Amino acid sequence: MPVVTYRDALNQALREEMDRDPNVFLMGEEVGVYQGAYKVSRGLLEAFNERRVIDTPIAELGFAGIGVGAAMVGLRPVIEFMTWNFALLAVDQVVNSAAKMLYMSGGQIPIPIVFRGPGGAALQLAAQHSQALESWYAHVPGLKVVAPATPYDAKGLLKAAIRDDNPVVFLEGEMLYNAKGEVPDGDYTVPIGVADVKREGSDVTLICHSKTVTVAERAAERLAAELDVSAEVVDLRSIRPLDTETIVTSVQKTNRCVVVEEGWPFCGVGAQVVDELQRRAFDSLDAPVLRVTSADVPMPYNKKLERAAKPNPDRVIAAVKQVAYLD
Amino acid sequence: MATKVLMEALSPTMEEGKVLSWLKREGDTVSSGEVLAEVETDKAVMELQARGSGVLRKILAGDGATVEVGSIVGIIAAADEDIGSLLQADPSKQAPPQAEAAKPAASRPPPKPESPAMAAAATTAPPSAGRVKASPLARRLAEDRGLELAGVSGSGPGGRIVKRDVERAAIRPLPVAAGTSSGYEDVELSQIRKTIAKRLVQSLGPIPHFFLTTEVDMERAADARAHLNGLDDGPRISFNDIILKAVAAALTQHRDCNAWWLDGKIRYFNEVHLSVAVAVQDGLITPVIRNAHMKSLRQIAAESRELADRARNRKLTPEEYTGGTFSVSNLGMFDIDQFTGVINPPEAGLIAVGSIAEKPVVVDADVTVRRRMRLTMSCDHRVIDGATGARFLQTVRRMLENPLAIVW
């Protein structure tokens, strides 16, 4: 199977879906002539045309609104935000227009739109450009939220998102764009709302998504080698809808759980996971579920402080020792 | 580091303990696991073990003292360590420690695999609320195994009982984990069974008892007993031993009476563990003859005598008086004609044995004198219905009236 980068997997998904359906178009800052701030849209302007690959001014609220309007009349827009930090300017269109329209029109006007771009911290981009905001969007009924960790899932989920008749918030990662993985040629989709067991284990479940999948996998390798602890890594892939069944099944097997996420702790994705577990897997829990999150502060610019603020394998291992009573 | 010697909960229901005698004196060097003192619990005399190593610096509850579970009875520390602050600590603030139920068994030979209900406790009553800290999983596992959480030592933060503690405390693994055949079968309650349970509880106490009495002709059993006891000088066989043997054999044919009432389900046992009521000073206790259905009359005789002796000397360990599946209580030696016994939960049945007396009875249209005995079975109506209990009691009676039927 060909090995491609996460960036190129997304590019394949866009290209294939635009080939497949003339209603699909891409719009955002620098997506055309510059071929994307992160080169996700490389070659697309040449392959299609400026009617389907549209460069916009720096006006997130405006082009997000145009996207929602286009979706209302039957097109399938893919709106690229250069990062999700900039998308804060467009939240009104995402939350108040895209997420509400189907409901407020009595089911008459679906909004088949994808909002996509990198989220979370990269390296030393400081407080305003280092934010994992998935729990903001996951809070809103009417939105689907996905955050793939691998090139395979990125391609499959983006294709599923474009074909979905609901607005989908699609969170990528600047630090993931160069990640490589096997991606089959041709058409396939990864269903929205289905988690994936990335590594099987028996002693503790590590629940993660997006960049923290790598953190959890590294922790799992060290746990096996250093402490003889077998960790199961469950990649949520979709935040909403949440695949509760896979999570609960895993915890019923392992009896212990640590949730690893890049967001802040308060009202985070992990808080929702813990809520599901305490209700649906109460009698299977041998320890309280712990969470490893970013520190509850604006992201520091200082390199060492930034490293300390983000989830890392050491903190995951410390949490696992706690839930497995190994301290 | 100094270690407080606490009065531990050495039996599931123990609230206070009496220090019978210290085996170590102040100034003696002790190591973790060594026996410090003998403690009399509500059920038995148990050993109090050191939980740390060092010098037994101070004894705070001397021989004969009775103290609450969780109280400090002594202090183990290094020879030169300052223990002043510990002496001032308020003992009532100490969390009651959970004694390790398995500990007293450690010095005894490991249980044989053919005694699969060794770990089962007599009761599944809810643990004293709020006192025992345990993970939800540990609670579920303990309930599945019939283990009393209060008797399990917690290794988690603040003494929380976690999965591994229950696994260590359980003397045998789960029957399913053991592979082959399970020692019991849980049958979910049918609607009618739920309704019966609900209605009967409303009518009479927590356990809806009903009673069945039958009179048994003991002529043949008496002859058989006299003959067996004349054979050699093995352990003398009592009438009660013959009754135990017959009850055990009958229970193998009537599994519906060999059961526990648990919350939401009935557990039917494939093995018979007979609780035998033994009067002791100030009360009674029911040591359990494990796998009674597989034991010969002579084995039952030897074992019941040995258990009764140790019961009277209060030397039984908790595993020896818990986990029974059916009870037998005999007041015949007190010339009681018949009586009704109170069920020992979660068991569902009990047979109360009256005295054997010569009575005029009609046999083949003639009045003759026969040795007769009355058996009264107490049944938990949630588990055993009238006809179910009656059929079982009929089998017991037939076996006693024709002892060869026990073998067949």
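What counts as what
Residues numbered from 1 in each chain as written. Chains lettered and ligands numbered in written order. Predicted model: local features only at pLDDT ≥ 70, side-chain atom pairs only at ≥ 80, totals over all residues. Helix = DSSP H or I, 4+ residues; strand = E, 2+ residues; numbered from the N terminus. Buried ≥ 20, exposed ≤ 12 C-beta atoms within 10 Å, placed from the backbone. Contact = placed C-beta atoms within 7 Å. Pairing = 2+ DSSP bridges. Right-handed = clockwise from strand over helix to strand, strands pointing away. Axes fitted to C-alpha atoms, helices over the stretch in contact; angles between N-to-C directions. Parallel < 35°, antiparallel > 145°, perpendicular 65-115°, else oblique. Left-handed = near helix turned anticlockwise from the far one by under 90°. Nonpolar A, V, L, I, M, F, W, Y, C, P; charged D, E, K, R; others polar. Arc of directions from axis to C-beta. Core = buried A, V, L, I, M, F, W, Y, C linked by C-beta atoms within 7 Å. pLDDT = per-residue confidence, 0-100.

**Concerning the overall build of chain A**
Within chain A one finds 12 helices and 14 strands. When the 327 residues of chain A are sorted by exposure, 54% land in the buried category. For chain A, the share of sequence-separated contacts (at least 6 apart) that also reach a separation of at least 24 residues comes to 79%.

**A few points about the overall build of chain B**
The number of helices and strands found in chain B is 10 helices and 19 strands. Residue burial in chain B is summarised as follows: out of 408 residues, 40% are buried.

**Notes on the pairing of strand β10 (residues 204-208) of chain A**
Residues and elements named next belong to chain A. Taken across its 5 residues, β10 has 5 buried, putting it largely inside the fold. Neither face of β10 is exposed, since Val-204, Leu-206 and Cys-208 on one face and Thr-205 and Ile-207 on the opposite face are all buried. Where β10 meets strand β11 (residues 231-235), 5 bridges bridge the pair, whose relative direction is parallel. Bridging across to β11, Leu-206 finds its partner in Val-233. Where the polypeptide runs from β10 across helix α8 (residues 212-227) and back to β11, its parallel neighbour, the crossover connection is right-handed. For β10 and strand β13 (residues 257-260), the ladder comprises 3 bridges, and the chain directions are parallel. Note that in β13 the partner of Leu-206 across the bridge is Val-258.

**What about the packing of helix α1 (residues 6-20) of chain A against helix α7 (residues 151-163) of chain A?**
Pairs of packed helices are described in terms of their axes, by the angle between the two and the distance that separates them. Residue and element names in this part refer to chain A. One can describe the packing of α1 onto α7 by two numbers: an axis separation of 8 Å at closest approach and a directional angle of 25°. One element, α1, and the other, α7, form an angle in the roughly parallel class. Helix-helix and strand crossings are classified by hand; for α1 and α7 the assignment is right-handed. In this structure, α1 uses Tyr-6, Ala-9, Leu-10, Gln-12, Ala-13, Glu-16 and Glu-17 to contact α7, whose residues at the interface are Pro-151, Ala-154, Lys-155, Leu-158, Lys-159 and Ile-162. When the residues that make up the contact of α1 with α7 are grouped by side-chain class, the tally is 8 nonpolar, 1 polar and 4 charged.

**Observations regarding helix α9 (residues 244-254) of chain A**
Since the α-helix advances by 3.6 residues per turn, residues separated by three or four positions end up pointing in the same direction. Residue and element names in this part refer to chain A. The set of residues buried in α9 consists of Ile-247, Ser-250, Val-251 and Thr-254. End-on, the buried residues of α9 take up no more than an arc of 95°, which puts them together on one face. Considering only its buried residues, α9 is in contact with β9 (196-199), β10, β11, β13 and α10 (269-280). Asn-255 sits one or two positions beyond α9 and adopts a positive phi of about 70°.

**Digging into the environment of Leu277(A)**
Considering the arrangement of structural elements, one finds Leu277(A) in helix α10. With 11 residues separating them along the chain, Leu277(A) and Pro288(A) place their C-alpha atoms 9.9 Å apart.

**Things to note about the sheet that holds strand β5 (residues 114-118) of chain A**
Residues and elements named next belong to chain A. Pairing within the open sheet is mixed, and its 7 strands lie in the order β3-β2-β4-β5-β7-β6-β12. Strands with a single pairing partner mark the edges of an open sheet, and in this sheet they are β3 (53-55) and β12 (238-240). Each adjacent strand pair in this sheet contributes to an overall mean axis angle of 20°, direction not counted. Across 5 bridges, the pairing between β5 and strand β7 (residues 168-172) is parallel.

**A few points about the interface of chain B and chain A**
Facing 9 residues of chain B, the contacting portion of chain A comprises 8 residues. The leading source of residues in the side of chain B that touches chain A is helix α2 (residues 136-144) of chain B, at 4 residues. In terms of residue class, the side of chain B that touches chain A is built from 4 nonpolar, 3 polar and 2 charged.

**A closer look at unusual backbone geometry**
That bond from Arg240(A) to Pro241(A) is cis: its omega, 0°, falls within 30 degrees of zero. For Pro241(A), the location among the structural elements is in the loop between β12 and α9. Residue Asp228(A) is not a glycine yet carries a positive backbone phi of 55°. Position of Asp228(A) among the secondary structure elements: in the loop between α8 and β11. A positive phi is found at Asp335(B), a non-glycine position, where the angle reads about 60°. Take Asp335(B): it is sitting in the loop between β17 (326-330) and β18 (349-363).

**What to know about the nonpolar core**
One broad rule of soluble globular proteins: the nonpolar side chains tend to lie buried together. Ranked by size, the top nonpolar core spans 190 residues in total, and within it Leu206(A), Val258(A), Val316(A), Val320(A), Val247(B) and Leu274(B) carry the most contacts. The element contributing the most residues to this core is helix α7 (residues 239-253) of chain B, with 9 residues. Leave out the neighbours within four places in its chain, and Val258(A) touches Val204(A), Leu206(A), Leu290(A), Val292(A), Val316(A), Ala319(A), Val320(A) and Val323(A).

**Observations regarding the sheet that holds β10(A)**
Backbone hydrogen bonds are what pair the strands of a sheet, in a parallel or an antiparallel way. Residue and element names in this part refer to chain A. The 5 strands lie next to each other as β9-β11-β10-β13-β14, forming an open sheet whose pairing is mixed. Of all the strands in the sheet, just β9 and β14 (290-292) have a single pairing partner and so form its edges. Across the sheet, the axes of successive neighbouring strands diverge by a mean angle of 25°, strand direction being ignored. Pairing analysis gives 3 bridges linking β13 to β14, with the strands arranged parallel. Within β14, the position partnered with Val-259 by the bridge is Arg-291. Contacts from α8 reach β9, β10, β11 and β13 within the one sheet, and its direction differs from that of β11 by about 170°.

**Quick notes on the confidence of the model for chain B**
Residues and elements named next belong to chain B. Looking at chain B as a whole, the pLDDT averages 80, with 82% of positions reaching at least 70. Contacts from residues 90-130, a stretch scored under 50 in pLDDT, to residues over four places away or in other chains number 94 contacts. Under a pLDDT of 50 for its full length, residues 171-180 has, in the predicted model, 17 contacts with residues more than four places off or in other chains. The ipTM assigned to the predicted complex is 0.72, against a pTM of 0.54.

**Let's talk about helix α4 (residues 91-98) of chain A**
All names here are of chain A. For α4, every residue scored as buried is listed here: Gln-93, Val-94, Ser-97 and Ala-98. Axial view of α4: buried residues confined to an arc of 115°, hence all on one face. At its buried positions, α4 is contacted by α3 (60-72), α5 (101-104), β5 and β7.

**Section: the environment of Ala47(A)**
Residues and elements named next belong to chain A. Within the secondary structure layout, Ala-47 lies in helix α2 (residues 44-47). Under the C-beta neighbour-count criterion, Ala-47 is labelled partly exposed, with 14 such atoms within 10 Å. In sequence terms Ala-47 and Arg-15 are 32 residues apart; their C-alpha atoms lie 8.4 Å from each other.

**Notes on the packing of α3(A) against α4(A)**
All names here are of chain A. The N-to-C vectors of α3 and α4 enclose an angle of 25°; their axes lie 8 Å apart at closest approach. Comparing the axis directions of α3 and α4 gives the class roughly parallel. Mapping the contact onto sequence places Leu-61, Ala-64, Gly-65 and Val-68 in α3 and Asp-92, Gln-93, Val-94, Ser-97 and Ala-98 in α4. Here the contact of α3 with α4 is built from residues that sort into 5 nonpolar, 3 polar and 1 charged.

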